[in-house]
Amino acid sequence: MKVSGGATTSFGTEDGALRDAAFAALEQAYAPYSNFRVGAALRATDGTIITGCNVENASYGGALCAEQNAIAAAIARGLRDFTELMVVTESDAPTPPCGFCRQILVEFAPTLNVTSITRSGRSARWTLAELLPHPFTSSSLTSA
């Protein structure tokens, strides 16, 4: 994990657009139970940015992660190839996608770059392969 601290983290123009989209999504998060709001922005290979936010539910198991909502919205728009995911939170430390989200993401973007940024400007970057080194994929379904 590569982490930087402070509000002076520098991002390129495209990263700025992805970051801004993710923070706008965070503002829409519905997290009355955990109070842990998350915004996600996913960049497709054609440059399209799709966002998602976490949506909690009183049944807890019915909650949806921001990354899940972003990937579902992208798939619904016909997008299947992605290059970058930005995850933003209000926590003190950068937060990577949960294990379930990692598994969903690897289905469509095994070489995805993932960046997490906090409201205070701390950031961390990973590849999806670093976060999920031994994924369950379609090749796992083949019989010997």
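Everything that follows concerns the structure shown earlier in this document.
Note that this is a predicted model, so its numbers are computed, not measured.

K.L.:
Lay out the overall build of the chain with the relevant residues and their values.
P.N.:
Scanning the chain from terminus to terminus reveals four helices and six strands. Along the chain direction, N to C, the helices and strands of the chain fall in the order β-α-β-β-α-β-α-β-β-α. The long-range fraction of contacts in the chain, counting pairs at least 24 apart against all pairs at least 6 apart in sequence, stands at 65%.

K.L.:
An account of helix α2 (residues 66-76) is requested, with residue identities and associated values reported.
P.N.:
Those residues of α2 that sit buried are A66, E67, Q68, A70, I71 and A74. Buried-residue contacts for α2 involve β2 (38-44), β3 (49-53), β4 (82-89) and α3 (99-108). Note on α2: the residue one or two positions beyond its end, G78, has a positive phi of about 90°.

K.L.:
Now, about the pattern of salt bridges: what can you tell me, with residues and values included?
P.N.:
Inspection of the entire model under this criterion finds six salt bridges. The salt bridge involving R37 is made with E27; its shortest N-O contact spans 3.8 Å. Taken together, the positions of R37 in the loop between α1 (13-26) and β2 and E27 in the loop between α1 and β2 put the pair 10 residues apart, joining distant regions of the chain. By relative accessible area, E27 is classed as partly exposed at 42%.

K.L.:
I'd like to hear about α3, residue by residue, with values.
P.N.:
Three or more residues of α3 are buried, namely C101, R102, L105 and V106. For α3, the arc enclosing every buried residue in end-on projection is 135°, short of the 170-degree limit, so these residues lie on one face. Turned more than 90 degrees away from the buried face of α3 sit F100 and E107, all of them exposed. Elements that come into contact with the buried residues of α3 comprise α2, β4 and α4 (128-131).

K.L.:
Can you tell me about the environment of T48, naming the residues and giving the values?
P.N.:
Within the fold, T48 resides in the loop between β2 and β3. With 30 residues separating them along the chain, T48 and L18 place their C-alpha atoms 9.9 Å apart. Residues within four places of T48 in sequence aside, it is in contact with L42, R43, R77 and L79. A polar contact of 2.8 Å, which involves the side chain of T48, links it to the side chain of D46.

K.L.:
Would you mind going over the nonpolar core in detail, with residue names and values included?
P.N.:
In terms of nonpolar packing, the biggest core is built from 23 residues, with L42, F82, L85 and L112 touching the most fellow members. Secondary structure elements with two or more residues in this core: β2, α2, β4, α3, β6 (123-127) and α4. The residues contacting L42, other than those within four sequence positions of it, are L18, T48, I49, I50, A70, I71, A74, F82, E84, L85 and L112. A22, L26, A41 and M86 belong to the second largest nonpolar core, which has nine residues in total.

The rules we used
- Per chain, residue numbering runs from 1 following the sequence as it is written.
- Given that this is a predicted model, residues contribute local features only at a pLDDT of at least 70 and side-chain atom pairs are listed and counted only at 80 or more, while totals for whole chains, interfaces and linings are drawn from all residues.
- As a rule here, side-chain values cover all heavy atoms of the structure and leave hydrogens and water aside.
- The helix count covers DSSP runs of H or I at least four residues long, the strand count covers runs of E at least two residues long, and both are numbered beginning at the N terminus.
- Any two residues whose heavy atoms approach within 4.5 Å at even a single point are treated as in contact.
- Partly exposed describes any residue whose relative accessible area lies between the buried limit of under 20% and the exposed limit of over 50%, with all areas from a 1.4 Å probe on protein chains only and scaled to the type maximum.
- Counted as salt bridges are all cases of a side-chain nitrogen of Lys or Arg within 4 Å of a carboxyl oxygen of Asp or Glu.
- In this description, one arc is meant: the one made by directions from the helix axis to the C-beta atoms.
- In protein, a polar contact means a hydrogen-donor-capable atom and an acceptor-capable atom, both N or O and within 3.5 Å, with residues adjacent in sequence counting only if both atoms are side-chain atoms; elsewhere, any N or O pair within 3.5 Å suffices.
- Grouping buried Ala, Val, Leu, Ile, Met, Phe, Trp, Tyr and Cys residues that are joined through side-chain atoms within 4.5 Å yields what is termed a nonpolar core.

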